[in-house]
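Spelled out from the first residue to the last, the chains are:
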Amino acid sequence: MVSRQAPDYLFLMLVLVLTGTGLFMVASAGEVWGQFNYENPFYFVERQAFFAAAGLVVMAVISYVDYRIWRNLSSVLLVLAFLLLVAVLIPGIGMVRNGSQSWIGFGSLSFQPSELMKIVLIFYLSALLAERKKVIHLFWKGLFKPLLVLGIAFALIMMQPDLGTAAVMGGTAFLLLFVAGAPIRFFVLTGVSAIGGLALLIISAPYRMKRITAYLDPWSDPLGSGFQIIQSLYAVGPGGLFGYGYGESRQKYYYLPEPQTDFIFAIWAEETGFIGAVFIMILFFLLIWRGIHIASRIEDAFGVLLVCGITAMISLQSFINLGVVTGLLPVTGVTLPFLSYGGSSLTMTLASAGIVLSVSRSTV
């Protein structure tokens, strides 16, 4: 029997603060590009505010829906997500941006099917692993089907290609398998295989090799593959303790390409300094901690895996984005949850937060 209670207000507050902070960040980081491309310095923040409002409404509605419904709908949603991943690869349907055919357009709006797949895969794997928790140590009975579904989704996203999203999805799936109780030997074997597969993916695509070279030595090609990371470091480094002040970034003036998206944290660090950067990191740390806390209070296996999966997705995506911006990881094209400009990413992230709030309202 599941009883309903108040949602986790601390988790809700953290989501609202991150979303609100994201609007301030987009307003500053996107004003120059908005003026240049659309003759409207508020172009990006206006659109982001629209998606934030829509996403918050979706989050509120989902938070009052019994989370167990996603267990029943997981197979249907998985089929839909696969169909969209196939559709985005069809010329004339999929839209190409920055070398990746990852979007489906609807008039002036666009949608990224891989964002839906990240969430739906969490639904499906959580439901499947909750059913198979007693045989999770057996490969054919416990692990084969989850890995097969993950492998197909990974391959379709890599065909776009979008290594960053595929990496977040794959990492989230493996963390779910760990929480579900998969044996350690499985992670050792797949870890070795993953390293080999990643090496092949990098070698097979010249642009990925350039990104690795730029990561090791961005100054080897300062106007090409190393340009973004150099300009990002030029933003993060000079910020000092308190930064130049809100709205006073130098790098957003056509030095850092599209600063309102993947590299928005660099502009924030430049304007607010070390204090502002640490503030964002603390917010994410608290959000992740609260997600773990919510999962620890739930006795239903599906609910536990659902919250752990969503928390893992947000934490991995945040870690990768911050690692790229600060030069600790190669450039991957992963957005910063709640903060980077992007309707699909923001809406789906807020929807996933609504699911966590729904679980937090339930006790068994």
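I will try to describe carefully the structure that is included in this document. Since the structure is predicted, the reported quantities are computational estimates derived from the model, not experimental observations. (Residues numbered from 1 in each chain as written. Predicted model: local features only at pLDDT ≥ 70, side-chain atom pairs only at ≥ 80, totals over all residues. Heavy atoms only, no water.)

1. Focus: the overall build of the chain
In step 1: In terms of helices and strands, the chain carries 13 helices and 5 strands.
In step 2: Scaling as 2.2 N^0.38, a compact globule of 364 residues should have a C-alpha radius of gyration of about 21 Å, and the chain matches this with 20 Å.
In step 3: Across its three principal axes, the chain shows a C-alpha extent of roughly 55 × 50 × 40 Å.
In step 4: Across the 364 residues of the chain, 51% fall into the buried class.
In step 5: Of the contacts formed within the chain by residues at least 6 apart in sequence, a portion of 71% connects residues at least 24 apart.
In step 6: For the chain, the accessible surface area stands at approximately 16,500 Å², while carbon and sulfur atoms represent 71% of it.
In step 7: Each charge class in the chain can be summarised by its mean position, and for the 20 positive and 17 negative side chains these summaries are 15 Å apart. (Helix = DSSP H or I, 4+ residues; strand = E, 2+ residues; numbered from the N terminus. Rg over C-alpha atoms; globule rule 2.2 N^0.38 Å. Buried < 20%, exposed > 50% of the residue type's maximum accessible area, 1.4 Å probe, protein only. Contact = heavy atoms within 4.5 Å. Areas by Shrake-Rupley, 256 points an atom, 1.4 Å probe, with all protein chains shown as cover. Lys, Arg positive; Asp, Glu negative; His and termini not counted. Charge placed at Lys NZ, Arg CZ, Asp CG, Glu CD.)

2. A look at the pattern of salt bridges
In step 1: Evaluation of the coordinates by the stated rule reveals 5 salt bridges.
In step 2: Residue Glu 271 pairs with Lys 252 through a salt bridge whose shortest N-O separation is 3.5 Å. Residue Glu 271 is located in helix H11 (residues 264–296), and its partner Lys 252 is located in the loop between helix H10 (227–236) and H11; the two are separated by 19 residues in the primary sequence.
In step 3: Overall, the relative accessible area of 2% leaves Glu 271 in the buried class.
In step 4: Linked by salt bridges that have partners in common, Glu 31, Lys 252 and Glu 271 make up one network. (Salt bridge = Lys/Arg side-chain N within 4 Å of Asp/Glu carboxyl O.)

3. A look at the packing of helix H5 (residues 113–131) against helix H12 (residues 301–325)
In step 1: Contact geometry of H5 with H12 gives a least axis separation of 9 Å together with a crossing angle of 145°. Remark: the crossing between H5 and H12 carries right-handed chirality. Residues Lys 118, Ile 119, Ile 122, Phe 123, Ser 126, Ala 127, Leu 129 and Ala 130 of H5 pack against Ala 301, Phe 302, Leu 305, Leu 306, Gly 309, Ile 310, Met 313 and Gln 317 of H12.
In step 2: The residue inventory of the contact of H5 with H12, partitioned by class, reads 12 nonpolar, 3 polar and 1 charged. (Axes fitted to C-alpha atoms, helices over the stretch in contact; angles between N-to-C directions. Left-handed = near helix turned anticlockwise from the far one by under 90°. Nonpolar A, V, L, I, M, F, W, Y, C, P; charged D, E, K, R; others polar.)

4. Some remarks on helix H7 (residues 163–180)
In step 1: For H7, spanning 18 residues, the distance from its first C-alpha to its last is 25 Å, which sits close to the expected 26 Å at 1.5 Å a residue.
In step 2: Buried within H7 are the following residues: Gly 164, Thr 165, Ala 166, Val 168, Met 169, Gly 170, Thr 172, Ala 173, Leu 176, Leu 177 and Ala 180.
In step 3: One or two positions beyond H7, positive phi appears at Gly 181, with a value near 105°. (Expected span 1.5 Å × (residues − 1).)

5. With respect to a nonpolar patch on the surface
In step 1: A cluster of nonpolar side chains, namely Leu 10, Met 13, Val 17, Phe 279, Ile 282, Phe 285, Leu 286 and Trp 289, defines an oily patch on the protein surface of about 700 Å² accessible area.
In step 2: The element best represented in the nonpolar patch is H11, accounting for 5 residues.
In step 3: Inspection of the secondary structure puts Phe 285 in helix H11.
In step 4: The class of Phe 285 is exposed, set by a relative accessible area of 59%. (Patch = residues over 30% accessible without salt bridge, like charges linked within 9 Å, V, L, I, M, F, W, Y side chains within 5 Å.)

6. Focus: unusual backbone geometry
In step 1: For the peptide bond that leads from Gln 160 to Pro 161, omega is -10°, which places it in the cis range.
In step 2: The backbone of Glu 39 shows a phi angle near 55°, a positive value even though the residue is not glycine.
In step 3: Classification of Glu 39 as exposed rests on a relative accessible area of 68%.
In step 4: Phi is positive for Glu 258, which is not a glycine, with a value near 40°.
In step 5: For Glu 258, the position within the fold is in the loop between H10 and H11.

7. A closer look at the side chain of Arg 290
In step 1: Among the structural elements, Arg 290 can be located in helix H11.
In step 2: Judged by relative accessible area, Arg 290 falls into the buried class, the value being 15%.
In step 3: The residues touching Arg 290, leaving out its near neighbours within four places in the chain, are Asp 8, Leu 10 and Phe 11.

8. Some details on the packing of aromatic side chains
In step 1: Evaluation of the coordinates by the stated rule reveals 13 aromatic pairs.
In step 2: Ring centres of Trp 70 and Phe 123 lie 5.1 Å apart, and the angle between their planes is 20°; this geometry places the pair in the stacked category. With a gap of 53 residues between them, Trp 70 in helix H4 (residues 69–87) and Phe 123 in helix H5 connect regions that are remote in the sequence.
In step 3: Judged by relative accessible area, which is 4%, Phe 123 ranks as buried.
In step 4: Taken together, the ring pairs in this structure connect Tyr 38, Tyr 43, Phe 44 and Tyr 341 into an aromatic cluster.
In step 5: One residue, Arg 250, lies across the ring of Tyr 244, its end atom 3.8 Å from the ring centre. (Phe/Tyr/Trp six-rings, centres within 6.5 Å; stacked < 30°, edge-to-face > 60°. Lys NZ or Arg CZ within 6 Å of the ring centre and 35° of its normal.)

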